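One letter stands for each residue in the lines below.
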Amino acid sequence: MSPASTGASTAVDAAAPVPATDTPDSRMAPGGPGYRRMSFALFLSGVATFALLYSTQALLPLISDGFGVSASDASWTVAAATGGLALFVIPMSALSERFGRRTVMTASLAVAVTVGLLVPFAPSLAVLVVLRGVQGAALAGLPASAQAYLAEEVRPKALVTAIGLFVAGNSVGGMSGRVITGWVAQEWGWRVAVGVIGVVAVGCAVAFRLLLPAPRHFKAGSLHPRRLLGTVRDHLANPLLRRLYAIGALFMTVFGGVYTVIGYRLTEEPFSLPQGIVGSIFLVYLVGTVSASAAGRLVGRLGRRGALYLGGGTTAAGLLLSLADSLPLVLLGLVLITAGFFAGHAVASSAVSKTAAHGRAQASAIYQSAYYIGSSAGSTVGALAFHASGWAGTVGVALLAVLGVVAITVLGSVAARRVVAPAH
């Protein structure tokens, strides 16, 4: 595929690690030794990460009632977790450069699941928000380290598919966490529900550590702050990486806003659904599992920019459908929003790992930071818009974010043509 068709420069492809022609590539590939164990281990880490990170999202109406607070106040239990992750993902990525990806991921999960077992006992909203912030900060060691591990241990041609499977684990975690909490909370309350998620996450964490193969291609780096800042500056100076970071943030603004508020909409008129049914709505995350796993094929057929246009258009169509006061149309809208978001996220995040010629953990960490800043912004602004203008206000905010994705992708197309034009 030519650089013109993907928006990548020839320098990016040249920077990708290529083994010597007379030396077998010892990195993992589909069907090769360790690949299935690695894929399942990282899948489980994605399940645990998203189940914990968004464990309160489907329960916000119950948390509002339990503490006597508004939707925008309760939304801070989501925003604190995603904000903590956004703030700590770059420092945690630096630790993974020094101490190893597997070590940091294991420690992060251990702390996060421990806090998850404390969350059900929070005596007030303020304490709950603080615990959720600590949990998010701990989880910051997972996303960037996982993508860096994959970039080092998996052959380049299999990288998009491997990262797509990790993102698919995120979607399964987000779905199962919300579905489980919805039904458990309907019978025993939100505290028992988040406790169950904590126990599930413990099991995922243990299996992850037992299954993940030891890294074979990791080379320890330096924790020197000046070198770290230099690496971050290098990545932020790359126009393609900047565009990918912005795209990730905007996609997550949509997703964070929609899924923070949807529970309130569906428990109110004209739907008035019980909490268990509202939690089951998140089964549409299975669509995200499929679309994220298919990201590699989408890029192969449409190019990176084409896949992003498709993801943005699908998301916008879903947002417009969700405005209807018909439950089937709202559900179809959520299916399209979820499919478009996960496809776009998988394409953008894998492009970051492929583009970065050095400091891959930091490159992925900046993406994750932007991504979760978008989640925090989406959950907070989406809840405020819902409070002010109802569901139409939340959809309006989300549509603006989708327009941003399209505009940035168009800028990438223009930039790619300018690079290619002199060669002709």
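Residues numbered from 1 in each chain as written. Predicted model: local features only at pLDDT ≥ 70, side-chain atom pairs only at ≥ 80, totals over all residues. Heavy atoms only, no water.

The number of helices and strands found in the protein is 19 helices and zero strands. Radius of gyration (C-alpha) of the protein: 21 Å, near the 22 Å computed for a compact globule of 424 residues. Across the 424 residues in the protein, those meeting the buried criterion constitute 58%. Split by element, the accessible area of the protein, about 16,200 Å² in all, is 68% carbon and sulfur. (Helix = DSSP H or I, 4+ residues; strand = E, 2+ residues; numbered from the N terminus. Rg over C-alpha atoms; globule rule 2.2 N^0.38 Å. Buried < 20%, exposed > 50% of the residue type's maximum accessible area, 1.4 Å probe, protein only. Areas by Shrake-Rupley, 256 points an atom, 1.4 Å probe, with all protein chains shown as cover.)

Turning to the pattern of salt bridges, a few remarks are in order. All chains considered together, the criterion is met by two salt bridges. A salt bridge links E152 to R101; the shortest N-O distance between them is 2.3 Å. With E152 in helix 9 (residues 143-153) and R101 in helix 7 (residues 101-118), this pair connects stretches of sequence that are 51 residues apart. Assessed through its relative accessible area of 13%, E152 is described here as buried. (Salt bridge = Lys/Arg side-chain N within 4 Å of Asp/Glu carboxyl O.)

For the protein, the average pLDDT comes to 83, and 91% of its residues sit at 70 or higher. Taken together, the stretch residues 1-22 has pLDDT below 50 and engages in 30 contacts with residues farther than four places along the chain or on a different chain. (pLDDT = per-residue confidence, 0-100. Contact = heavy atoms within 4.5 Å.)

A packed helix pair is summarised by two numbers, namely the angle formed by the two axes and the spacing between the axes. Packing of helix 13 (residues 239-267) against helix 16 (residues 295-321) brings their axes to within 12 Å, and their N-to-C directions diverge by 20 degrees. Relative to helix 16, helix 13 is oriented roughly parallel. Between helix 13 and helix 16 lies a crossing whose hand is left-handed. Mapping the contact onto sequence places L240, L244, I247, F251, V254 and V258 in helix 13 and R304, L308, G311, G312, T315 and L319 in helix 16. Looking at the contact of helix 13 with helix 16 residue by residue, the classes come out as eight nonpolar, three polar and one charged. (Axes fitted to C-alpha atoms, helices over the stretch in contact; angles between N-to-C directions. Parallel < 35°, antiparallel > 145°, perpendicular 65-115°, else oblique. Left-handed = near helix turned anticlockwise from the far one by under 90°. Nonpolar A, V, L, I, M, F, W, Y, C, P; charged D, E, K, R; others polar.)

Our focus in this paragraph is helix 11 (residues 190-211). With 22 residues, helix 11 should reach 32 Å at 1.5 Å per residue; the first-to-last C-alpha distance of 32 Å fits that figure. Considered for burial, the residues of helix 11 that qualify are W190, A193, V194, G195, I197, G198, A201, C204, A205 and F208. Residues of helix 11 that are buried sit in contact with helix 3 (35-53), helix 4 (60-67), helix 7, helix 8 (125-139) and helix 10 (159-188). (Expected span 1.5 Å × (residues − 1).)

Looking now at the packing of helix 10 against helix 11. Their axes nearest at 7 Å, the elements helix 10 and helix 11 cross at an angle of 145 degrees. Pair helix 10 / helix 11 crosses with right-handed handedness. Contacts from G177, I180, T181, V184, A185 and W188 in helix 10 reach W190, V192, A193, V196 and I197 in helix 11. Here the residues of the contact of helix 10 with helix 11 sort into nine nonpolar, two polar and no charged.

Once that is clear, we can look at the nonpolar core. Counting residues in hydrophobic clusters, the biggest one holds 121 residues, and the most contacted among them are M38, L42, L150, Y259 and Y372. What Y259 contacts, discounting residues up to four positions off in sequence, is Q57, F282, V284, Y285, L334 and T338. (Core = buried A, V, L, I, M, F, W, Y, C linked by side-chain atoms within 4.5 Å.)

Relative to the assigned elements, S379 resides in helix 18 (residues 360-389). According to the relative accessible area criterion, S379 is buried, its value standing at 0%. Among the polar contacts listed, one links the side chain of S379 to the backbone oxygen of S376, at a separation of 3.0 Å. Look past the residues within four positions of S379 in its chain and what remains in contact with it is S75, V78, A79, G256, G257 and T260. (Polar contact = N/O pair within 3.5 Å; in protein donor to acceptor, adjacent residues only side chain to side chain.)

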